[in-house]
Amino acid sequence: MVRFAVDPMLKKGEAGNFLDVGLKVDEITDTPISVKFVIHRKDGWYEPPKGETMTAWVLKEGNEILALSPVCKHLGCTVSYNTNPQFKNEFFCPCHFGRYTKDGTNVPGTPPAKPLDRYETKIENGKLLIGPLKKA
């Protein structure tokens, strides 16, 4: 039984890998855009043959490029950007009216208690690379 529980934790993961998401740095603005990318990792002993499709909201905040997870910190629903006319220029979670500012900070008085998680980013040859998720 111990091997069953511990073996998946000992497997090599995706930590430290950066993926080219097909987005040039000069295409990134201060308006968040949704970017999809595929990662290959094992979940226990299961590894999807075509990988797992992930999403990030990418934007430029000053000189910094942010890649935000779309997963709401309240109950794990998916946030969208600028889709609720009541909350312009914000990320909005329709499950329980969770709200985040454009940089992923949770709006006080709404359900999420933490900001959106961020992916590590780096630039190579003028292209955005997205790395591991940093938990908020």
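Participant: Looking at this model, I keep getting lost on the pairing of strand β9 (residues 127-134). Mind explaining?
Facilitator: Looking down a regular strand, the side chains alternate between one sheet face and the other. Note that strand β1 (residues 19-24) and β9 share three bridges and pair antiparallel. Paired with Lys 24 across the two strands is Lys 127, which belongs to β9. Sheet topology places strand β8 (residues 118-124) next to β9; six bridges connect them, and they run antiparallel. Across the sheet, the residue bridging to Tyr 119 is Leu 133, located in β9.

Participant: Help me out: how do you make sense of the environment of Lys 134 in this one?
Facilitator: Mapped onto the elements of the fold, Lys 134 is located in strand β9. Residues Lys 134 and Leu 68, 66 residues apart in the sequence, show an inter-C-alpha distance of 9.6 Å. Setting aside residues no more than four positions away along its own chain, Lys 134 makes contact with Asp 117, Arg 118, Tyr 119 and Glu 120.

Participant: Hey, could you run me through the nonpolar core in this one?
Facilitator: One broad trend across soluble globular proteins is that nonpolar side chains are buried collectively. Counting 15 residues, the largest nonpolar core has Phe 37, Val 58, Leu 128 and Ile 130 as the members making the most contacts within it. Filtering out sequence-adjacent residues up to four positions away, Ile 130 remains in contact with Asn 17, Phe 18, Leu 19, Val 21, Phe 37, Ala 56, Val 58, Ala 67, Tyr 119 and Glu 120. Judged by nonpolar contacts, the second largest core, of eleven residues, contains Trp 57, Val 79, Phe 91 and Cys 93.

Participant: I'm lost on the environment of Asp 117 in this one. Help?
Facilitator: In this structure, Asp 117 sits in the loop between β7 (98-100) and β8. Spatially, the C-alpha atom of Asp 117 lies 6.0 Å from that of Lys 134, the residues being 17 residues apart in sequence. Discounting chain neighbours no more than four positions away, the residues touching Asp 117 are Ala 67, Leu 68, Ser 69, Lys 73, Leu 133, Lys 134, Lys 135 and Ala 136. Engagement of the side chain of Asp 117 in a polar contact is seen with the side chain of Lys 73, the distance being 2.9 Å.

Participant: I would appreciate a short explanation of the sheet that holds strand β5 (residues 80-81) in the present structure.
Facilitator: Strand order across the open sheet formed by three strands is β5-β6-β7, with antiparallel pairing between neighbours. Among the strands making up the open sheet, the edge pair consists of β5 and β7. As judged from the three bridges shared by strand β6 (residues 91-93) and β7, these two strands associate in the antiparallel manner. Directly across from Cys 93, in β7, lies its bridge partner Gly 98.

Participant: How should I be thinking about the environment of Thr 121 in this particular structure?
Facilitator: As for its placement among the helices and strands, Thr 121 is situated in strand β8. A relative accessible area of 29% places Thr 121 in the partly exposed class. Taking the C-alpha atoms as reference, Thr 121 lies 7.4 Å from Leu 66; in sequence the two are 55 residues apart. In contact with Thr 121, not counting residues within four places along its chain, are Phe 18, Ile 65, Ala 67, Leu 128 and Leu 129.

Participant: Looking at this structure, how should I read the packing of aromatic side chains?
Facilitator: Two aromatic rings, taken as a pair, are described by how far apart their centres are and by the angle between their planes. All told, the structure shown has five aromatic pairs when counted by the stated rule. Taking 5.6 Å as the distance between ring centres and 25 degrees as the angle between the ring planes, the aromatic pair formed by Phe 87 and Phe 92 counts as stacked. Its relative accessible area of 7% is what places Phe 92 among the buried residues. Among the aromatic residues, ring-to-ring pairing joins Trp 57, Tyr 81 and Phe 91 into one connected group. The residue whose ring lies beneath Lys 122 is Phe 18, and the NZ or CZ to ring-centre distance is 4.5 Å.

What counts as what
Residues numbered from 1 in each chain as written. Predicted model: local features only at pLDDT ≥ 70, side-chain atom pairs only at ≥ 80, totals over all residues. Heavy atoms only, no water. Pairing = 2+ DSSP bridges. Helix = DSSP H or I, 4+ residues; strand = E, 2+ residues; numbered from the N terminus. Contact = heavy atoms within 4.5 Å. Core = buried A, V, L, I, M, F, W, Y, C linked by side-chain atoms within 4.5 Å. Buried < 20%, exposed > 50% of the residue type's maximum accessible area, 1.4 Å probe, protein only. Polar contact = N/O pair within 3.5 Å; in protein donor to acceptor, adjacent residues only side chain to side chain. Phe/Tyr/Trp six-rings, centres within 6.5 Å; stacked < 30°, edge-to-face > 60°. Lys NZ or Arg CZ within 6 Å of the ring centre and 35° of its normal.

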